[in-house]
Structures are given as C-alpha cells and as structure tokens.
Amino acid sequence: MKNILFALLILGQVAFAQHKTTKDNAKTEELDNITIYGKKEKRYNDTISSIATRTATKLIDIPQSIQVISKGIWQDQGSLNLNEVAKNMVGVANTTPYSSFSMRGFNNYGDSYLLTNGMRGTLYHYSQKVLLYNLDQIEIMRGPASVMYSVGNPGGVISLTTKQPLDKARYEVNFTTGSWNLFTGFADATGPLTKDKKLKYRLVVGGENSDSYRNFQYMKNLLITPTLQYDFSDKTSLNLDYTYLTMNSRFQYDRGTYIKKKDDGSYDFDNVDPNFTTQGNPSFGKDKNSSASLTFKHKFSDKLSFTLMSRYVKRNLDMLDVYGFGPLNATQDSIPREGTTWKYNTQWIANTAFLKYNFKTSKFISHELIVGADIIQDRVLKNLYISKVYPSLSIDNPDYSQDAIVINDPNVPLGDEGMDNNTKVTNNYAGFIQDQISIGEKWKLNLAMRYNEYRYKQKPVDELDATGVEITSDANAWIPRVGVVYELKKNISLYASYTESFEPQTNNNVGAGGPFPPKKGKQYEIGYKGDFFSNRLSTTLALYDIDYVNLLVADPSDPNKKRRMAIPGLNSKGIEVSVQGIISQNWSVMGSYSYNEVKYLGKTSIGNVGDRPLNAPKYVGNVWLEYNFTETILKNLKLGAGIRFQGNTLGGSYRADSILLPAFSYIDMSANYRYKNYIVGVTANNITDKLYFPGAYGTTSLFAGTPQNIRLNLGFVF
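Residues numbered from 1 in each chain as written. Predicted model: local features only at pLDDT ≥ 70, side-chain atom pairs only at ≥ 80, totals over all residues. Heavy atoms only, no water.

**Q** Give me the overall build of the protein: which residues, what numbers.
**A** Broken down by element type, the protein carries six helices and 39 strands. A compact globule built from 718 residues would reach a C-alpha radius of gyration of about 27 Å, and the protein, at 26 Å, matches this within 12%. With the principal axes as the frame, the protein shows a C-alpha extent of 80 × 60 × 55 Å. Here the protein holds 718 residues, and the buried ones make up 55% of them. Of all intrachain contacts in the protein linking residues separated by at least 6 positions in sequence, the fraction that spans at least 24 positions is 68%. Surface summary for the protein: the accessible area is close to 30,200 Å², and the carbon and sulfur share equals 57%. Between the averaged position of the 80 positive side-chain charges in the protein and that of its 68 negative side-chain charges there is a distance of 6 Å. (Helix = DSSP H or I, 4+ residues; strand = E, 2+ residues; numbered from the N terminus. Rg over C-alpha atoms; globule rule 2.2 N^0.38 Å. Buried < 20%, exposed > 50% of the residue type's maximum accessible area, 1.4 Å probe, protein only. Contact = heavy atoms within 4.5 Å. Areas by Shrake-Rupley, 256 points an atom, 1.4 Å probe, with all protein chains shown as cover. Lys, Arg positive; Asp, Glu negative; His and termini not counted. Charge placed at Lys NZ, Arg CZ, Asp CG, Glu CD.)

See the structure below:
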C-alpha cells in the first residue's frame, strides 16, 4: 500500500514539474492535437460538469468533489456495465453484484442516487447492473446532493449521460466475445434527418447472451434507445428519447457463496468455492423496463434561459430467489435457506423546470442565478412478496429439485422476511434557488437552498400484507449548500463547503414505533483542485466530515421484531486524492486513493460506539496507466494496465453474521489497436486469478470477485 501511495505522489510531482518547466509552445500545441484511432482524442479528463449545479460549470470552480468518466476510458478497458467502470471511481466501492455502491462509507442503491441526464428516475432495478451501450459519460458527485436532487443519503450521486444526436452522420458496430460464452455487442447510428440539420436522430441497439463463472447463472439482455432532437433555432431545442430494456437471468439477486471456519475459529478464505451457489435451476429473474424523457431548452437572451425536463420510467420485475439465510450448521456441511417470489411493478414520473439568469451587481461581481421547481412521483403499483423456509442445502451433494415446489406449498411456514402485498405512492414537491457568484478574478461563492415537501402512503391490498394497515409519512425540510472557491492561479483552486442531505422515513407507522424524524446528513468539506498541461491533467484533494443522524434500527425490547427506534447515527470522515488525464504525449493516467473512517455515534442493536457499519471499506484506490504509440509500425496501438485495491471490509447484512473480509488487489491489462476504421481490443481481467471478496451479506452470502477472464472486442466506425 505504501508503494501505491508513493507512486501516486510521484505522478503528481511529475505533473507539477513538467508543467512548470514546459517552455516549448510548439510541444504544448502538439499535445492539443494528439490523435488516437485516427481522430482527435477524447480526453481522459473532462473539465466541465453540470451534476453539482445543473449548469455547465468548470470543475475547478465547484466547491464539491466531482469526477467525470468518458466512454473512451471504459471502452479501452473493455467494461460492460457500471459495476466494472466503478473501479475507476474515486472513493467508490462496489461491494455487491448489484447496482449498489459505497460512497464515503454510505451504501447507495435504488432511485435515490442514480440519475439519468441529471434527472431522477433510473431505468434499472437495484438488482440490475447498469448497461453501457447507450452511455457517453458518467459523472460522480461525492457528498450530499439533496439541494439539487431531493431525497438521498449523504454518500453522493452518479449521473448517467446518454448518447445524443449529432449533426454529422456516424455509424458504429461493436462486438465482444470472451470467457464464459460471452457474446455481446451494440449498433449505434446518428446524423441529421433533414437538409437543414434541424432534426437529428440517434439509435442505439445493444444486447448480451452469456453464461457466468457462477453455477447455473446466465444473462440475456436487450436495450433499444431511439433519440430525436429538433433545433427550432439556435436558441430553442426539443429532445425526446425512449429506452426499452429486457433482462433475463437465472439469479435476479446473485447471493454469493459460503465460507467455513478453520479449527482455530478463523475463516478459511483460501478454500472458498467462488462457483458454488445456494440457488439452483428453478430460480429465475425477469425484468421488462422502459423510460421516456423530454428536455426543452430556450434562450430568451444571452442572459436569460429556460429548461424543462420530464422523465417517465416503468419497471416490471418477476422473480424466484432462494438464498442462504444465517450461518452454516454446526457441522459446517449444510446451508440454511429461505426463498422468495416477488412481483414488483413501479412507475416513476419526474418533472424539473428552472430559469437561469446571468447578471452583474457591480463591475467586479457577477451572478449565475437559477430558480426552479421539482415535482417527483414514485408509485409502486404491485408489491407481492412471499418468503418461505426452504430445505437446507448440502454442500457436498446439493439438491435443488424442490426449489420450485416449496414456494407454492401452503404447509411450508413463512420465512423471516414474511410477506407483503401492498401499493405505495411517494410525492416530492420542491423549489430551489442557487446563485453562483464571481467576485473579481479570485473568489467564487456557491449559495443554494431547497425547500422539499415529502408525502408517502402505503396501502395493503389484502390479508397477505404483513403490516395490514395503511402507513403514511409526511416530512419537509430546508436544505442548504454554501461553498467558496479561491483561485490561487487560473489552474489551481482551494475550496470549502457545507451541505446537507434529506431522507424521510418509510417505516414510520405507530405500530413500528413511529413517527420518526427524517434522516439527515451534514457535511463539511475542504479541498484542492489543479489542472495542468492546458487542462489535460486534473488533480484533486478532498477532506470531509459527515454526520448522518436519525437512522432506524430494530428495537431490542420488542420480541416480535417489528418495532424500530431512531439512533444518533454515523460519523464519516476521510481523505481522497486523485490524478486523471494526460501526463505526456504518450502516457495517460487515472489514479486515486481514498481513506474512509465511518463509525456509529451511539450504542445500538446493530453496533456500539465506534463500531464500523457493514460493507464500508477502510480504503479504496486504483492506478490505470496507458501508453499510446504515436510513431513507427506500432502507431495507433494502446497498451494499458492497472491495479484496483480495497481495504478490509466488515461484510454482512446484520452484525451477528458479519465477517471481516481481507484487503485485496487485482490487476487488469488491455491492448487496443485501430487500423483505418477498424478497432481490435483485447482485455485480460484479474490476470493473476486472485481470489478476493469485495463484500458480503453473511457467511452464506459471500460475494467473490470475478476470476481471471479474457475478452476480445471488434469494432467498425464509418
């Protein structure tokens, strides 16, 4: 670990030294026009983002931690989904096989953290991995985001930017094959539909058919995304897109494998079978999702503009899931199990509108003011969930033959998770205001405030619903953000900020001990940002301190395990450093290290004062280096290699069955070559076949990392 930190520091020093001593303007101009694959390079770092402010703002002027990852990076690395891209994210850990990410010590999943083109309402269910076919870049903001995006925990948000229509015809076909019978690919077409180029389109179609290193698992998916944009003039535009997604797999939730104890009581990590699964052939997961979005923009003048964004999402899930529940039996030869069927249909409608006005209040003070409103509704149209106790599974002779029968047997008792049959509706109404103020050439202020009204209602459908009563939860909050940036130089800034998060309780009925106050996060952050080599290389440093209060846990005095109680919560503090971009004509780099210390603030049923929460790594980091040959017969060849590392992690879904997972690292490599319009790429992941464990939900739900695998990519652009 010390060597890795030392390497990052050396890279930073090299960047500073080269920037300071560069005297040859011609060389700088040459770097501006580095070409890869025969066209101008998509930089490894982008210096503009809208995720924090809803307007295009220089990263160096934003008083919060932001990272932008372009598709060129994940294409070079042969990535297929967001989980695989996450190894490049600063301070982010993917500790499960699902779309769940630990950010600054807080686990994010579902609609609260995943945005699409800056809008709430994700196409994907929590158990689904986000596909990359139709994405152009990914933006990550660490720390609370409620002031712009409403309800969420203080870890941060990830925004997916989709491919947009271009005014020049372009077509791409891409195909990837590899280990475990992987076959995946996409076709991407764009261009004008009218001679005046006012009407443009983009159509992306992608699909996958693959097996897995996990026994019985497979994946089949199909994504279709048509997009239209009409430019009424250079001041007015309308953008419409639609996405259709189907996913079929054996395991909707891949529950991982098991681990035994040695004679001395320690866990035997060396002899874990990463292929073993508690789920068999009868299990299935079927998803059919769709979304539609509208974005209207109009400039009244150079100073005043208006934006309207609307998004509709519909998700349908049908699954049978069998999983290990609790630790192994005393002789460590069988796994206790439960199983569930779940039919889950949701509908999401989000609307955001805001005005932006640029003005000055003096010769030295300028403002970029936005005033807007959100109306967001999330409906659960069907939530039929039934859990049953399943026969224990023999480790040496697993028998899955009864898995499809037990769930429908009325004589089999309910499992610990019981059953639900209800509908839910959540409404958020909010207004927000933000003023980005420039004072002279050195100082910038970001002042923002949001008022949010939250309304939640859950109704039982019939006697199958475990709660059996109507549950309501109403809350409101003023959510501030205050930030200041000081530019030491045009390319170097220091910043400080304070911001909050807001997350009402859903388990809020009197029978559960409610009503409870909303969960709230408060973050203080200071940092540094520096851009070098004409903004080709970005470096960052951030220190943060977050309090997250009013968390709900089981009330230990309730024998029925239905009542909850609010606890003081968690404190998270840490440091993040990163470097991303081009360090010379041939070399590019992505590197980061993040140390996080998160602890409980009080004694509770899930932890004592100072205890770590579950699935929150002590540290995460990565280094990815790529060399681009620009001369000789090897011109247009790119070779890449990188390491991802993660500190020890307390894995589990509850503390009694938690397990301290060891720190790990693994190495990936890539080679990409372009001849004219043809692209050939080879990726070797986890080249040493490292057995590692990013997270766990328990000792019979241990998530093993992906073993050694190889992918071959072929592409054609015309």
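**Q** Any details on unusual backbone geometry? Residues and values, ideally.
**A** Even without a glycine there, the phi angle at R104 is positive, about 55°. Its place among the elements puts R104 in the loop between β7 (100-103) and β8 (106-109). Residue N615 is not a glycine yet carries a positive backbone phi of 55°. Structurally, N615 can be placed in the loop between β30 (587-600) and β31 (619-628). Its relative accessible area of 4% is what places N615 among the buried residues.

**Q** Please provide a residue-by-residue account of the confidence of the model for the protein, values included.
**A** When the pLDDT values of the protein are averaged, the result is 90; 93% of them are 70 or greater. With pLDDT under 50 throughout, residues 1-41 is counted as low confidence; its partners more than four residues away or in other chains account for 59 contacts. (pLDDT = per-residue confidence, 0-100.)

**Q** Break down the sheet that holds strand β6 (residues 92-93) for me, citing the residues and quoting the values.
**A** Within the open sheet, the three strands sit side by side as β6-β7-β8. Their pairing is antiparallel. In this open sheet, the two edge strands, each paired with only one partner strand, are β6 and β8. Of the strand pairs in this sheet, β7 and β8 are connected by four bridges, and their pairing is antiparallel. Paired with S100 across the two strands is Y109, which belongs to β8. (Pairing = 2+ DSSP bridges.)

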